Amino acid sequence: MEFLFGPVPSRRLGLSLGINIIPHKTCNYNCVYCEVGKTTNLTNKRQSFYNIEDIKKDFVEHVDKVGKFDFITFSGSGEPTLNKDLGELIKFVKSFNKAKIAVLTNGSLLYDQEVRRELYEADVVIPSLDAAIESTFKRINQPHKELNLKNIIEGLKLFTQEFSGEVWLEIVFAKGINDKKQDFEYIKPKKVQIGTIERPPAFNGIQKLSNDELMSIYMALKDYNVELIKPFADKNVNFDEFLEKSIIKMISIRPCSIEELSDVFDAKNEDVDNIVTRLINEKKAFKKTFGNKEFISARN
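Just so it is clear, the model here is predicted, and its values are computed rather than measured.

Draft legend 1. Spotlight on the packing of helix 7 (residues 243-253) against helix 9 (residues 269-281). One way to put it is that helix 7 packs onto helix 9 with a least axis distance of 11 Å and a crossing angle of 60°. Judged by the sense of rotation from one axis to the other, the crossing of helix 7 with helix 9 is right-handed. In contact with Leu 243, Glu 244, Ile 247 and Ile 248 of helix 7, helix 9 contributes Val 272, Ile 275, Arg 278 and Leu 279. A class-by-class count of the residues in the contact of helix 7 with helix 9 yields 6 nonpolar, no polar and 2 charged.

Right under this line is the structure:
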C-alpha cells in the first residue's frame, strides 16, 4: 500500500484506515509537539503532490483487504488540505460507501473558500487550534510566514457555520506553552477534544501535561461540550497477512509501542517484538523513549 496505511488506532475515531496524500513532513506548520517529526518542507502552496489516479488505484486494490475499520481518514505525515486534489479524492472514496470519512487538519487553510467547499463531502472534520493569541500560536505551531491567526480563526468559524457534518475541534496542550487560560478560544464546534503529548515530540524539551493539569483545564472548560482524548483500547483487527509491511508502514507515520502494534494487528507481543528487533538490527526502525514509555519509529 503506497498511500493507504493501517487501520491504526485513533483516540478519536476508533480504528481508522488512513490515506496519506502528502509527502513526508510537508506542512505549513512546524508544531513543536508533532509526533511525525520536524517539518522538512514548510510550504503554504496547494498543489497535486501525486498522480491522483495512483491514489485511487491504491484505494481500490487494498480497501477490502485490510480488515475492520470505523473511519476512512485523510491524515498522515503532512497537512492534507495542501493537496489540491483533496475534494475529488473525498468524493471518490465516499462513493464506495465503506465507512464514514474524516479529515484531520490543522485548520490553517479554512479561510480559503475553495478548501472549505472541498471538505463539505466529509462526515467529520477535526481541525486543531492550539492557541488563540499570536505569540503562543507562533511558539507552539511555528507557522508559515503567510499564515495569520486571525484569518485562521475566522476560517474555522465560517466552516463550522457552513458544514453540515460534525466539526470536532482539537487542542493539544504542551506544558508551559499553551496551557494558560488566556490561550483558550472556541469556535462553537460540535465538540472540543483536549489532550496532551502522548508520543515522542518533534522538538527536545517539550513536555506533556500531568493528569492533574489536564483535568484542571477540562474543569475550566466544563461549560463547553468538551471531552478528554482517551487512549485507544480495542483489539479486533486481523492483519496477519500484512504484518511486517504494515508495521513498517505504521511506524513510518508515527512512533508506536510494541503493545500498540500488537493490539492494532491482533498479533502476539512476541511476534511483533521479533519483527521489530529484526527491523532495528537492519536499521529500518529505531527505539525512542518518551514519558518512561518505549516507542518504535522508522525514523531516527
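Draft legend 2. A look at the confidence of the model for the chain. Averaged over every residue, the pLDDT of the chain is 87; residues scoring 70 or more account for 90%. Every residue in residues 232-241 scores below 50 in pLDDT, and together they form 27 contacts with partners more than four places removed in sequence or on other chains.

Draft legend 3. Seen up close, the pairing of strand 8 (residues 166-173). Burial runs high along strand 8: 7 of the 8 residues are buried. Sheet topology note: the strand 7 (residues 124-127)/strand 8 ladder contains 2 bridges and is parallel. Of the residues in strand 8, the one forming a bridge with Val 125 is Val 167.

Draft legend 4. Examining the state of the cysteines more closely. Scanning all chains against the criterion turns up 0 disulfides. In this structure Cys 31 is a free cysteine whose sulfur lies 6.3 Å from that of Cys 27, the closest cysteine sulfur available.

Draft legend 5. The nonpolar core, seen in detail. Counting 59 residues, the largest nonpolar core has Ile 19, Ile 21, Ile 72, Phe 74, Leu 119 and Ile 206 as its most contacted members. Broken down by element, the residue count for this core peaks at 5 residues, all from helix 5 (residues 149-162). Those residues in contact with Ile 19 that sit more than four places away from it in its chain are Phe 3, Leu 4, Phe 5, Ile 55, Phe 59, Ile 72, Thr 73, Phe 74, Ser 75 and Val 93. Residues Ile 253, Leu 261, Leu 279 and Ala 285 belong to the second largest nonpolar core, which totals 17 residues.

Draft legend 6. The arrangement of the environment of Phe 71 in detail. Mapped onto the secondary structure, Phe 71 falls in strand 5 (residues 71-74). We classify Phe 71 as buried; its relative accessible area is 11%. C-alpha separation for the pair Phe 71 and Val 32, spaced 39 residues apart in sequence, amounts to 27 Å. Those residues within four positions of Phe 71 in sequence are excluded, and the remaining contacts are Leu 13, Leu 15, Ser 16, Leu 17, Ala 99, Lys 100, Ile 101, Ala 102 and Val 124.

Draft legend 7. Focus on the environment of Ser 128. With respect to the element layout, Ser 128 can be found in the loop between strand 7 and helix 4 (134-141). A residue is classified by how much of its surface remains accessible, and Ser 128, at 10% relative accessible area, is buried. It is 9.4 Å that separates the C-alpha atoms of Ser 128 and Gln 193, two residues lying 65 residues apart in sequence. Ser 128 has contacts with Thr 105, Asn 106, Gly 107, Leu 156, Leu 169 and Glu 170, leaving out every residue within four places of it along the chain. A polar contact of 3.5 Å, which involves the side chain of Ser 128, links it to the backbone oxygen of Asn 106.

Draft legend 8. Examining the sheet that holds strand 6 (residues 100-105) more closely. The mixed open sheet is built from 8 strands, whose spatial order is 1-2-5-6-7-8-9-10. Two strands lie at the open edges of the sheet, namely strand 1 (4-10) and strand 10 (226-228), each paired on one side alone. With strand direction ignored, the average angle separating the axes of adjacent strands in the sheet is 30°. Where strand 6 and strand 7 come together, 4 bridges link them in parallel fashion. Of the residues in strand 7, the one forming a bridge with Thr 105 is Pro 127.

Draft legend 9. Broad picture of the pattern of salt bridges. Considering all chains together, one arrives at 12 salt bridges under this definition. Between Lys 56 and Glu 88 there is a salt bridge, with the nearest N and O atoms lying 2.9 Å from each other. Taken together, the residues span a long stretch of sequence, with Lys 56 in helix 1 (residues 52-62) and Glu 88 in helix 2 (residues 86-94) at a distance of 32 residues. What makes Lys 56 buried here is its relative accessible area of 14%. Glu 88 sits in the partly exposed class, given a relative accessible area of 42%. With a closest N to O distance of 3.8 Å, Lys 287 and Glu 294 form a salt bridge. The class of Lys 287 is exposed, set by a relative accessible area of 53%. Residue Glu 294 is classed as partly exposed on the basis of its relative accessible area of 41%. One network of salt bridges, in which partners are shared, links Glu 35, Arg 199 and Glu 260.

Draft legend 10. Spotlight on the packing of aromatic side chains. Under the defined criterion, the tally for this structure stands at 6 aromatic pairs. Between Phe 3 and Tyr 50, the ring centres sit 4.9 Å apart and the planes meet at 70°, which makes this aromatic pair edge-to-face. Linking Phe 3 in the segment before strand 1 with Tyr 50 in the loop between strand 4 (41-42) and helix 1, this pair joins segments that are 47 residues apart in sequence. Assessed through its relative accessible area of 2%, Phe 3 is described here as buried. Ring geometry for Phe 59 and Phe 96: centres 5.3 Å apart, planes at 70°, overall edge-to-face. You can see Phe 59 sitting in helix 1 and its partner Phe 96 sitting in the loop between helix 2 and strand 6, a full 37 residues away along the chain. Feature note: the residues Phe 59, Phe 92 and Phe 96 constitute an aromatic cluster, connected by ring pairs. Stacked on the ring of Phe 203, the Lys or Arg Lys 38 has its end atom at 4.8 Å from the ring centre.

Rules behind the numbers
- Residues numbered from 1 in each chain as written.
- Predicted model: local features only at pLDDT ≥ 70, side-chain atom pairs only at ≥ 80, totals over all residues.
- Heavy atoms only, no water.
- Axes fitted to C-alpha atoms, helices over the stretch in contact; angles between N-to-C directions.
- Helix = DSSP H or I, 4+ residues; strand = E, 2+ residues; numbered from the N terminus.
- Left-handed = near helix turned anticlockwise from the far one by under 90°.
- Contact = heavy atoms within 4.5 Å.
- Nonpolar A, V, L, I, M, F, W, Y, C, P; charged D, E, K, R; others polar.
- pLDDT = per-residue confidence, 0-100.
- Buried < 20%, exposed > 50% of the residue type's maximum accessible area, 1.4 Å probe, protein only.
- Pairing = 2+ DSSP bridges.
- Disulfide = S-S within 2.5 Å.
- Core = buried A, V, L, I, M, F, W, Y, C linked by side-chain atoms within 4.5 Å.
- Polar contact = N/O pair within 3.5 Å; in protein donor to acceptor, adjacent residues only side chain to side chain.
- Salt bridge = Lys/Arg side-chain N within 4 Å of Asp/Glu carboxyl O.
- Phe/Tyr/Trp six-rings, centres within 6.5 Å; stacked < 30°, edge-to-face > 60°.
- Lys NZ or Arg CZ within 6 Å of the ring centre and 35° of its normal.

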